[in-house]
Amino acid sequence: MKYFSRSHNNDKNLRPPDLYEYFVDNFWFKAADLENQKINEPLRGSHKADVVIVGGGYTGLSAAYHIREKFPDKEVLLVEGACCGYGASGRNGGFCIATDLIRNLESVDPEIRQKNVEISYYGMNFIKRMIAEHEIDCDFEENGMLGVALNDKQVSELEEYEARLKKFGLESTLLRGDQLETEIISPRFKAGLVIPHGAILNPAKLAREMKRVVEECGVVVKERSVVTRITPGKVHHVETELGEVQAPVLVLAVNAYAHKLGFFKDRVFPVSVFQIATEPLSQSQWDSIGWQNRRGLYDMRTKFSYSIPSTDGRIVIGGSDFTYYANDAISSGNDMYVTKIIKRDLFSFFPQLEGLKIDHLWGGTTTYTLDRTPSVGVMGEDQNIYYGVGMSEGVPTTQTFGRIIADLMAGEENDYTNHYTVNRDIPYAGPTGLRKYFVKGGIWVMENLG
Ligand SMILES: Cc1cc2nc3c(=O)[nH]c(=O)nc-3n(C[C@H](O)[C@H](O)[C@H](O)COP(=O)(O)OP(=O)(O)OC[C@H]3O[C@@H](n4cnc5c(N)ncnc54)[C@H](O)[C@@H]3O)c2cc1C
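Residues numbered from 1 in each chain as written. Predicted model: local features only at pLDDT ≥ 70, side-chain atom pairs only at ≥ 80, totals over all residues.

Enquirer: Before we go on, may I ask you to explain the overall build of the protein chain in this structure?
Expert: Along its length, the protein chain carries 11 helices and 20 strands. What you see for the protein chain is a C-alpha radius of gyration of 21 Å, in line with the 22 Å of a compact globule of 450 residues. With the principal axes as the frame, the protein chain shows a C-alpha extent of 65 × 50 × 50 Å. Relative to its 450 residues, the protein chain shows a buried fraction of 49%. Restricting the contact set of the protein chain to residue pairs at least 6 apart, pairs at least 24 apart contribute 76%. (Helix = DSSP H or I, 4+ residues; strand = E, 2+ residues; numbered from the N terminus. Rg over C-alpha atoms; globule rule 2.2 N^0.38 Å. Buried ≥ 20, exposed ≤ 12 C-beta atoms within 10 Å, placed from the backbone. Contact = placed C-beta atoms within 7 Å.)

Here it is in structure tokens:
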């Protein structure tokens, strides 16, 4: 399967990412003090490297870390268009679900299932390892998750999910009525499932700290360096606005922006997600909603909608709508319609908080595949283009993919390189003009039958 085309790559009118369109009113950036952080100099002039990584989100940063760990002598150059963490990695919901990679595996052999649980946990465990070994401060709290149902159908879905987790040897507890109120108080929540696996964090702090760590490991990081063209070959030629780099190995770590560079165009499509952060709640407001265990809260407004408490006492909530813009556009800018729905949902969950101010609104782009399964692997005539794409929920998965990329590069055969996400065939996403309908259909199937 070929996931890129040279002719598309050579279209000079396709200036890459509309990186600068979004709200930068991102609470996580503010809390990470991004404004006062050092953003590295752009790539200028001609360079050579052993490995060039395009994209400074979690995938690129984790790949950089694992590659340097495995190949300490290789020169690794990471090129990021804006600053590390500027994409979805610094904007997301802060949910770190350890069990993200165990979907679709009920029917497989219990031994393989168990291995997949371990692989699924790798991403979160790697974040914990980074925190411990490199003193990363990213407000990581491993309090588990609370899934809530808004209607009877969703209660049955939670029951099914509880049974599924049991099959994987993972505990969880279904709560209703008064029991549920020990976790959260809302007139709309009919039942809740406590899942002790998972964490919440400030995603931008994690990305910025990972940048520090990879630099300490010897990776050269260039920021403000938008890649305008990639010409793949035995030696890849990567051009930015002010410079260029040649390298025999390329890691493509641009997730939602891959199509802008001519990769995965008909397989992976960008989906925009929006979020809001409230002003800090008073203690009596927190008491009124009973959310004292500080678990990541997900509900089923859409297939994945979520809220978390920030360390300074706000609610960060997002995901009421996953928006696909025609022709794979990255964003139409400020989507007031979606943020309005998020606000409506917040106050319908917690009418106790009516009047609470919204301090921040922002969005970001992630990707979907039609089977909602991410993909990692290696491609190209010379098998020297490594990639991770399709991580719709990727805080831990991207970390795991960074490791898989390094393992593949080393030619290893192990449970990770044999994982079901590796070098898999990604389903066709439909012709660009009709993709909107394919995507709508796909989301409908996910939400109603998936
Ligand atoms: C609003 C939102 C909420 C989300 N919530 C969650 C959540 O709670 N939990 C969860 O697990 N997942 C969540 N996700 C998904 C998760 O954030 C992503 O799966 C993950 O961050 C993808 O990481 P990445 O490194 O692959 O891509 P990105 O973080 O998008 O990184 C790609 C990088 O490439 C750079 N780039 C792009 N094009 C170029 C170019 N031409 N030249 C140079 N650089 C370029 C970009 O600037 C960007 O920094 C959410 C996503 C969004 C948008």
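Enquirer: I'm lost on the sheet that holds strand β9 (residues 220–222) in this one. Help?
Expert: Pairing is mixed across the open sheet formed by six strands, whose spatial order is β9-β3-β2-β13-β20-β19. The two strands at the open ends of the sheet, each matched to only one other strand, are β9 and β19 (375–379). Recorded for the sheet is a direction-independent mean angle of 15 degrees between the axes of neighbouring strands. Looking at chain direction, strand β2 (residues 51–54) and strand β13 (residues 249–252) are connected through four bridges and run parallel. When the bridges of β13 are listed, Val 51 appears paired with Val 249. Against the sheet, helix α3 (residues 58–70) engages β2, β3 (76–79), β13 and β20 (385–389), with an angle of about 175 degrees to β3. (Pairing = 2+ DSSP bridges. Axes fitted to C-alpha atoms, helices over the stretch in contact; angles between N-to-C directions.)

Enquirer: Whenever I open this one, helix α7 (residues 203–216) confuses me. Can you help?
Expert: Each turn of an α-helix holds 3.6 residues, which means side chains three or four residues apart point in the same direction. The terminal C-alpha atoms of α7, which comprises 14 residues, lie 20 Å apart, in line with the 20 Å expected from a rise of 1.5 Å per residue. Buried residues dominate α7, accounting for 10 of its 14 residues. Along α7, the residues classified as buried are Pro 203, Ala 204, Lys 205, Leu 206, Ala 207, Arg 208, Glu 209, Met 210, Lys 211 and Val 214. Where α7 is buried, its residues meet α2 (27–31), α3, α4 (110–134) and β9. Immediately downstream of α7, the backbone of Gly 218 shows phi near 100 degrees, a positive value. (Expected span 1.5 Å × (residues − 1).)

Enquirer: Would you take a moment to explain the packing of α3 against helix α10 (residues 397–409) for this structure?
Expert: What describes two packed helices is the angle between their axes and the distance between those same axes. At a minimum axis distance of 7 Å, the contact between α3 and α10 shows a crossing angle of 40 degrees. Taken together, the axis directions place α3 and α10 in an arrangement best described as oblique. For the element pair α3 and α10, the recorded crossing hand is right-handed. Together, Tyr 58, Thr 59, Ser 62, Ala 63, Tyr 65, His 66, Ile 67 and Lys 70 of α3 and Thr 398, Gln 399, Phe 401, Gly 402, Arg 403, Ile 405, Ala 406 and Met 409 of α10 make up the contact between the two elements. Grouping the amino acids of the contact of α3 with α10 by side-chain chemistry returns eight nonpolar, six polar and two charged. (Parallel < 35°, antiparallel > 145°, perpendicular 65-115°, else oblique. Left-handed = near helix turned anticlockwise from the far one by under 90°. Nonpolar A, V, L, I, M, F, W, Y, C, P; charged D, E, K, R; others polar.)

Enquirer: Before we go on, may I ask you to explain unusual backbone geometry in this structure?
Expert: For residues besides glycine, phi is generally negative; the peptide bonds are generally trans as well. Phi is positive for Asp 33, which is not a glycine, with a value near 55 degrees. Its place among the elements puts Asp 33 in the loop between α2 and β1 (45–48). For Arg 294, which is not a glycine, the phi torsion comes out positive at approximately 50 degrees. Examined against the element boundaries, Arg 294 turns out to sit in the loop between α8 (283–289) and β15 (296–299). The exposure class of Arg 294 is partly exposed, given the 16 C-beta atoms found within 10 Å.

Enquirer: Help me understand the environment of Asp 371 in this model?
Expert: Within the secondary structure layout, Asp 371 lies in the loop between β18 (358–368) and β19. C-beta crowding within 10 Å serves as the criterion here: with 18 such atoms nearby, Asp 371 is assigned to the partly exposed category. Separated by 71 residues in sequence, Asp 371 and Gly 442 have C-alpha atoms that sit 7.8 Å apart.

Enquirer: Before we go on, may I ask you to explain the site of the ligand in this structure?
Expert: Taken together, 44 residues sit near the ligand, with Gly 57, Gly 87, Gly 93, Gly 364 and Gly 394 positioned nearest. Among the secondary structure elements, those contributing two or more residues to the shell around the ligand are α3, β14 (269–278) and β18. Of the residues in the shell around the ligand, the class split is 21 nonpolar, 20 polar and three charged. (Near = placed C-beta within 6 Å.)

Enquirer: When you look at the nonpolar core in this model, what are you seeing that I'm missing?
Expert: One broad trend across soluble globular proteins is that nonpolar side chains are buried collectively. Counting 120 residues, the largest nonpolar core has Val 52, Ile 53, Ala 64 and Leu 252 as its most contacted members. When residues no more than four places from it in sequence are discounted, the contact partners of Ala 64 are Ile 53, Val 76, Leu 78, Val 214 and Val 219. (Core = buried A, V, L, I, M, F, W, Y, C linked by C-beta atoms within 7 Å.)

Enquirer: Teacher, can you tell me more about the pairing of strand β17 (residues 315–318) here?
Expert: In summary, the side chains of a regular strand alternate between the two faces of the sheet. Side-chain alternation along β17 places Ile 315 and Ile 317 on one buried face and Val 316 and Gly 318 on a second face that is also buried. Between strand β16 (residues 305–309) and β17, which pair antiparallel one after the other, the connecting turn spans five residues, and Gly 313 there sits at a positive phi close to 85 degrees.

Enquirer: Could you clarify how one ought to interpret the sheet that holds strand β5 (residues 145–149) in this entry?
Expert: By definition, the strands of a sheet pair up through backbone hydrogen bonds, in either a parallel or an antiparallel sense. Here we have eight strands laid out as an open sheet, ordered β6-β7-β5-β15-β16-β17-β14-β18, and mixed in their pairing. With one partner strand each, in any of the chains shown, β6 (173–175) and β18 form the two edges of the open sheet. Neighbour to neighbour, the strand axes of the sheet diverge by 20 degrees on average, direction disregarded. Sheet analysis places β14 next to β17, joined by three bridges and oriented antiparallel. Note on β17: the bridge partner recorded for Gln 275 is Gly 318. Running over the sheet, helix α5 (residues 152–167) touches β5, β6 and β7 (191–195) and is turned about 20 degrees from β7.

Enquirer: How do you make sense of the environment of Val 54 when you look at a structure like this?
Expert: Checked against the element boundaries, Val 54 lands in strand β2. C-beta crowding within 10 Å serves as the criterion here: with 29 such atoms nearby, Val 54 is assigned to the buried category. Along the sequence, Val 54 and Val 79 sit 25 residues apart, while their C-alpha atoms lie 5.0 Å from each other. The residues touching Val 54, leaving out its near neighbours within four places in the chain, are Val 79, Val 227, Val 238, Leu 252, Ala 253 and Val 254.

Enquirer: Whenever I open this one, the environment of Gly 198 confuses me. Can you help?
Expert: Summarising the element assignment, Gly 198 is placed in the loop between β7 and β8 (199–200). Of the residues examined, Gly 198 has 22 C-beta atoms within 10 Å and is grouped as buried. Separated by 138 residues in sequence, Gly 198 and Met 336 have C-alpha atoms that sit 31 Å apart. Not counting residues up to four positions away in its chain, the partners in contact with Gly 198 are Cys 96, Ile 97, Ala 98, Gly 144, Met 145 and Gly 296.

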